[in-house]
Amino acid sequence: MRPEIIVLDDELSICLFLSMSLEDSYKVHTATTATEAYDILNNHDISLMIVDLMLGRDSGLDVLRKVKEMFPNIQVIMMTAFGDIASSVEAIKLGAQNYLQKPLNIDELRIYITQALEIQRLSRKVELLSEELKARDSYENMVGRSQKMQDLYNLIDKLKNVDSSVIITGESGTGKELVARAIHFSGTRKKEPFITINCAAIPEGLLEEEFFGHKKGAFTGAVSDSAGKLELADGGTFFLDEIAELSMDLQSKLLRVIQEKETMPIGGDAYKKIDVRFIAATNRDLWKMVQSGNFRHDLYYRLKVVEVSVPPLRERQQDIPLLCSQFLRKISKGMDKKVNNLSKKAESLLLNYEYPGNVRELMNVIEYAVVLCEGETIEESDLPENIRKGINKSILGVNDIEEFVKNNFFGLSMKEVEKMMIKAHLERDHHSKRKIAEVLGISERSLFYKIEEYGL
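Residues numbered from 1 in each chain as written. Predicted model: local features only at pLDDT ≥ 70, side-chain atom pairs only at ≥ 80, totals over all residues. Heavy atoms only, no water.

Trainee: It is not clear to me how the overall build of the protein chain should be interpreted in this structure. Could you clarify?
Mentor: Helix and strand counts for the protein chain come out as 21 helices and 20 strands. Taking the principal axes of the C-alpha coordinates as reference, the protein chain spans close to 95 × 60 × 40 Å. Within the protein chain, the fraction of its 456 residues that count as buried is 43%. Only carbon and sulfur atoms are counted for the fraction: they give 51% of the accessible area of the protein chain, which is about 24,700 Å². For the protein chain, the distance from the average position of its 60 positive side-chain charges to the average position of its 71 negative side-chain charges is 4 Å. (Helix = DSSP H or I, 4+ residues; strand = E, 2+ residues; numbered from the N terminus. Buried < 20%, exposed > 50% of the residue type's maximum accessible area, 1.4 Å probe, protein only. Areas by Shrake-Rupley, 256 points an atom, 1.4 Å probe, with all protein chains shown as cover. Lys, Arg positive; Asp, Glu negative; His and termini not counted. Charge placed at Lys NZ, Arg CZ, Asp CG, Glu CD.)

So, in C-alpha cells, the structure goes:
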C-alpha cells in the first residue's frame, strides 16, 4: 500500500503540480488551508506533509508546531520561495525533517521524501523494540529483567493457553502466587474465576468444606446450601497454595476431582461436572515427601505435568533496583509521601543483602524505610538494623559466620536453636504470624504448633 502524504500550499497550482509529480509513488492529498489539512490528518493515515512556509493568513511554522504536537510521528518537509535562514533554523528546531526552497527540484524532493519515510520507519521500529523491552521489565505484577526472570516469563507464555496442571516451586516470599495469577490472567481463562485456597492457613477440619461446600442439613449449623471453592472455580483456575500441607485424606479426594473433573458437596448425592485448571504451589520438596510416604505419588504426578521454579531474590540481584523503584512508588503513594530515591550507600546495602524472605522481605524493608524517611531519599539510617548490620555471608564471609555460630549456638540442641529463632521473630514481629512462617520457611500451622510446644 502506497504511503499517504499531504501537500499544503495556498497556491492551488503548486498543489496540483506536486500531486501529479508524486502520485505514481504516493497517495497524495492536497490542501490550500491549514483547516483542510487538519481535516485530512484526522481522517487518513498520513505519513508525511509538504508544507509551504507562507500560507496566506496562516503560518507554516504554526502548522508544523501543531502537527508535531498532534501527530509527532508524521514527517514534515517545509518549502518556501524565500531563502530565509532564520525560518529554516526555526523549522528544524520544531521538528521539520528538511527545508527546501522553491522552485522545487522534483528529483531532489523524491530523495528527501524517501529519506524522511525511512527515518520514520526506523523510529517506529525503535519505539516497538523499546516497548517490548519495557514490557519485559515486568509480566503482570512480576518485576525483573534478569535472565532467570526472562526464562520464567517465556515459560508462562507457553503455559498460559493450555490446561495442563502446574506445580510452582520456590522459597517463601518469591512470588509463587504472582506466577499462578500471571498464568491465569494472561491466558484464555483470564475472564473466568481465579480461586485460591491456602492449605496451610485453614484448619484441617474446615478444608474439606472449603473445597466441596455442603448441602443444607449436612451437619449442625448447615442451615443452607453452600458452594465449595472447586465449584466456584468452574471454567477458571483453582490455585492450591502450600499444597504440601494437605492431609492424605484430602489428597485422595482432590485426586479424584482432578481425574474425574467432578465435585460433590458434603451431604450431597450427585456429582457435578466442572472444568477447572489446577495450579499448586509449595516451598517444600514434594518428591522427598512422596518418598517418605507423606504425599501421594499419583497426586504428585497428576499435578506436576509442568514444574515452574521461581528463583530466589539472591539469584537475581540485578532485579533489586527495579523492585525497589516499584515498591517506592507504590508505598510512597499509599502513605502520601514523596520518597523516590535511594542514597548510594542505602542502595549498596540493599544489593548486598541476601533476603531469606525474598521479594516479600524486600518489600517490607522498603516500607520500613519509607516510614522512617524524612526527606525524598532513603538513607542508610532509614534501613532496618538487620540490613545495616545483619549476618550476611556476602558481607561477613564464611569464616565470620562459622565463628558467629560457634560463639552463639555451640552446645545447643536443634530444638533449642529453633525455639530461640521463633522467639526472636515473635519479639520483633509478633503481629504477623504469616510473615514469620514465610521467613522461617514453614507453614503457619507448623508455626502455631511450635509456639504451643515451646510455650511461646
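Trainee: Honestly, helix H21 (residues 444-453) in this entry has me stumped. Any pointers?
Mentor: Residues that lie three or four places apart on an α-helix share one face, since the helix turns once every 3.6 residues. Residues Glu-444, Arg-445, Leu-447 and Ile-451 constitute the buried set of H21. Along the axis of H21, the buried residues cluster in a sector spanning 160 degrees; they form a single face. (Arc of directions from axis to C-beta.)

Trainee: Explanation requested: empty space enclosed by the protein in the structure shown.
Mentor: In this approach a probe as big as a water molecule rolls over the atoms, and the regions it shows empty are the leftover space. Tallied over the full model, the rule gives one cavity of 30 Å³ or more. In this structure, the largest cavity occupies an estimated 30 Å³ of space. Every residue lining the largest cavity is listed: Phe-211, Phe-212, Gly-228, Leu-230, Glu-231, Thr-263, Met-264 and Pro-265. Secondary structure elements with two or more residues in the lining of the largest cavity: helix H8 (204-212) and helix H9 (229-232). Within the lining of the largest cavity, the residues separate by chemical class into five nonpolar, two polar and one charged. (1 Å grid on protein atoms, 1.4 Å probe; cavity = no way out; pocket = protein on both sides within 12 Å on 5 of 7 lines; lining within 4 Å. Points joined across faces, edges and corners; volume = space filled by probe spheres on them. Nonpolar A, V, L, I, M, F, W, Y, C, P; charged D, E, K, R; others polar.)

Trainee: Teacher, can you tell me more about a nonpolar patch on the surface here?
Mentor: Taken together, Tyr-368, Val-371 and Leu-372 make up a surface patch of nonpolar side chains, about 250 Å² in accessible area. By the secondary structure assignment, Leu-372 is in helix H15 (residues 358-372). (Patch = residues over 30% accessible without salt bridge, like charges linked within 9 Å, V, L, I, M, F, W, Y side chains within 5 Å. Salt bridge = Lys/Arg side-chain N within 4 Å of Asp/Glu carboxyl O.)

Trainee: What is the right way to look at H8 in this model?
Mentor: All of the buried residues in H8 are Leu-207, Glu-209, Phe-211 and Phe-212. Gly-213 sits one or two residues past H8 and shows a positive phi near 75 degrees.

Trainee: Sorry, what's going on with the layout of surface pockets here?
Mentor: What the second largest pocket holds in volume is close to 680 Å³. If you trace the second largest pocket, you find 33 residues lining it, with Gly-173, Gly-175, Lys-176, Leu-178 and Arg-360 closest to the centre. Those elements giving two or more residues to the lining of the second largest pocket turn out to be strand S9 (142-143), helix H7 (176-185), helix H13 (320-335), H15 and helix H20 (433-440). Element by element, the count of residues in the lining of the second largest pocket is highest for H7, at five residues. Grouping the constituent residues of the lining of the second largest pocket by class yields 13 nonpolar, nine polar and eleven charged.

Trainee: What exactly am I supposed to notice about the side chain of Glu-4 here?
Mentor: Mapped onto the elements of the fold, Glu-4 is located in strand S1 (residues 4-8). Engagement of the side chain of Glu-4 in a polar contact is seen with the side chain of His-29, the distance being 2.7 Å. Not counting residues within four places of it along the chain, the set of residues in contact with Glu-4 comprises Lys-27, His-29, His-44, Asp-45, Ile-46, Ser-47 and Leu-48. (Polar contact = N/O pair within 3.5 Å; in protein donor to acceptor, adjacent residues only side chain to side chain. Contact = heavy atoms within 4.5 Å.)

Trainee: Sorry, what's going on with unusual backbone geometry here?
Mentor: The phi angle of most residues is negative, glycine excepted, and most peptide bonds adopt the trans form. The amide bond that connects Lys-102 to the next residue, Pro-103, takes the cis arrangement and shows omega of -5 degrees. Looking at the secondary structure, you find Pro-103 in the loop between strand S7 (98-101) and helix H5 (106-135). If you check the backbone angles, Glu-242 has positive phi at about 55 degrees while not being a glycine. Its location among the elements puts Glu-242 in the loop between strand S14 (237-241) and helix H10 (248-260). On the basis of relative accessibility, which here comes to 13%, the residue Glu-242 falls in the buried class.

Trainee: In this structure, what is going on with the pattern of salt bridges? I would like to understand it.
Mentor: Pairing is possible between side chains that carry opposite charge, provided their charged atoms lie close to one another. All chains considered together, the criterion is met by 22 salt bridges. Here Asp-225 and Lys-215 are joined by a salt bridge, their closest N and O atoms 3.3 Å apart. You can see Asp-225 sitting in the loop between strand S12 (213-214) and strand S13 (226-227) and its partner Lys-215 sitting in the loop between S12 and S13, a full ten residues away along the chain. In this structure, Lys-272 and Glu-231 form a salt bridge, with 3.1 Å as the shortest nitrogen-oxygen distance. Of the two residues, Lys-272 sits in strand S16 (residues 272-273) while Glu-231 sits in helix H9, which places them 41 residues apart along the sequence. Look at Glu-231 and you get partly exposed, because its relative accessible area is 27%. Taken together, the shared-partner salt bridges connect Asp-9, Asp-52 and Lys-102 into one network.

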